[in-house]
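Here is what each chain is made of, one letter per residue.
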Amino acid sequence: MSNFDPDDLDSLLPACTVKPMVNQIRWFIGLDPSDTVRTCAEHDIVVEAYSPFAHGLIVNHPEIEQIAARYGVSAPQLCIRFLLQKGAVVLPKATSTAHIEQNAALDFEISADDMAVLDAMRDTDKHEDAMQFRWS
Ligand SMILES: NC(=O)c1ccc[n+]([C@@H]2O[C@H](COP(=O)([O-])OP(=O)(O)OC[C@H]3O[C@@H](n4cnc5c(N)ncnc54)[C@H](OP(=O)(O)O)[C@@H]3O)[C@@H](O)[C@H]2O)c1
């Protein structure tokens, strides 16, 4: 499935003979799909997080960069690691080889305190320096 919210799942699941295994949803630091994530967990459905950088808009978010710097990583690495620690399978997209390699280097752990700070962020894709949207 993709983009199924709790109401969609409530409609679909009683009609299934085979339960869907994965729900691919838009999820990045600043967006809160916790209702969907909770419902998926209740039904043992894996959540796959697409657009983990908000299409690139949050790769230069100042507060995310600041926290990332404390771990010696980039904002995109922090974005992926955050979603992994939230239990998601993460689906980043990158066309640059350097980005792809960087996005696979995730051997660090975000502290519970920093997870709480990142969890509380909202509208991160609307920050002042957000790149223009581009679909690559
Ligand atoms: N199921 C659905 O409805 C749905 C909807 C939308 C998207 N998706 C899927 O989700 C995946 C990702 O989506 P997305 O393209 O929207 O966004 P994304 O993964 O959030 O962002 C991609 C952008 O981030 C940049 N980037 C990646 N790694 C970086 C790094 N380490 N440093 C700096 N910039 C970095 C990329 O630049 P470069 O290309 O220059 O490396 C690209 O511009 C795609 O596979 C897409 O098909 C699914």
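Conventions adopted
- Residues numbered from 1 in each chain as written.
- Predicted model: local features only at pLDDT ≥ 70, side-chain atom pairs only at ≥ 80, totals over all residues.
- Heavy atoms only, no water.
- UniProt positions renumbered as here; feature names shortened; annotations may be inferred.
- Buried < 20%, exposed > 50% of the residue type's maximum accessible area, 1.4 Å probe, protein only.
- Helix = DSSP H or I, 4+ residues; strand = E, 2+ residues; numbered from the N terminus.
- Arc of directions from axis to C-beta.
- Contact = heavy atoms within 4.5 Å.
- Phe/Tyr/Trp six-rings, centres within 6.5 Å; stacked < 30°, edge-to-face > 60°.
- Axes fitted to C-alpha atoms, helices over the stretch in contact; angles between N-to-C directions.
- Parallel < 35°, antiparallel > 145°, perpendicular 65-115°, else oblique.
- Nonpolar A, V, L, I, M, F, W, Y, C, P; charged D, E, K, R; others polar.
- Near = heavy atom within 4 Å.
- Polar contact = N/O pair within 3.5 Å; in protein donor to acceptor, adjacent residues only side chain to side chain.
- Areas by Shrake-Rupley, 256 points an atom, 1.4 Å probe, with all protein chains shown as cover.

- Looking at an unreviewed UniProt entry, the protein chain carries the name NADP-dependent oxidoreductase domain-containing protein, with the source organism given as Virgisporangium aurantiacum.
- According to the UniProt record, the Sequence similarities (unreviewed entry) comment for the protein chain reads "Belongs to the aldo/keto reductase family."

**What about helix α2 (residues 34–42)?**
Thought 1: Among the residues making up α2, those that are buried are T36, V37, T39 and C40. With its buried residues spanning 165° around the axis, α2 presents them on a single face. Summarising the geometry of α2, the exposed residues directed more than 90 degrees from the buried face are A41 and E42.
Thought 2: For α2, the secondary structure elements touched by its buried residues are α1 (6–12), β1 (22–26) and β2 (46–50).
Thought 3: Once α2 ends, the next one or two residues include D44, with phi positive near 60°.

**Observations concerning the packing of aromatic side chains**
Thought 1: Inspection of every chain in the model, using the stated rule, returns 1 aromatic pair.
Thought 2: Here Y71 and F108 contribute two aromatic rings whose centre-to-centre distance is 6.0 Å and whose plane-to-plane angle is 45°, an arrangement assigned as tilted. Of this pair, Y71 sits in the loop between α3 (62–70) and α4 (75–85) while F108 sits in the loop between α5 (97–103) and α6 (112–120), placing them 37 residues apart in sequence.
Thought 3: With relative accessibility at 23%, the residue Y71 sits in the partly exposed group.

**A look at the packing of α4 against α6**
Thought 1: α6 packs onto α4 with a crossing angle of 100° between their chain directions and a minimal axis gap of 11 Å. In terms of orientation, α4 lies roughly perpendicular with respect to α6. Along its contact with α4, which presents L78, F82 and Q85, the element α6 presents M115, L118 and D119.
Thought 2: Partitioning the contact of α4 with α6 into residue classes produces 4 nonpolar, 1 polar and 1 charged.

**Examining the site of the ligand**
Thought 1: Near the ligand there are 24 residues, and of these Q24, S51, H55, T95 and H99 occur at the shortest range.
Thought 2: Interatomic distance of 2.6 Å between a side-chain N/O atom of T95 and an oxygen atom of the ligand.
Thought 3: Computed on the free molecule, the ligand has an accessible area of 930 Å², of which 82% lies beneath the protein chains in the complex.
Thought 4: A per-element tally of the shell around the ligand places α5 first, with 3 residues.

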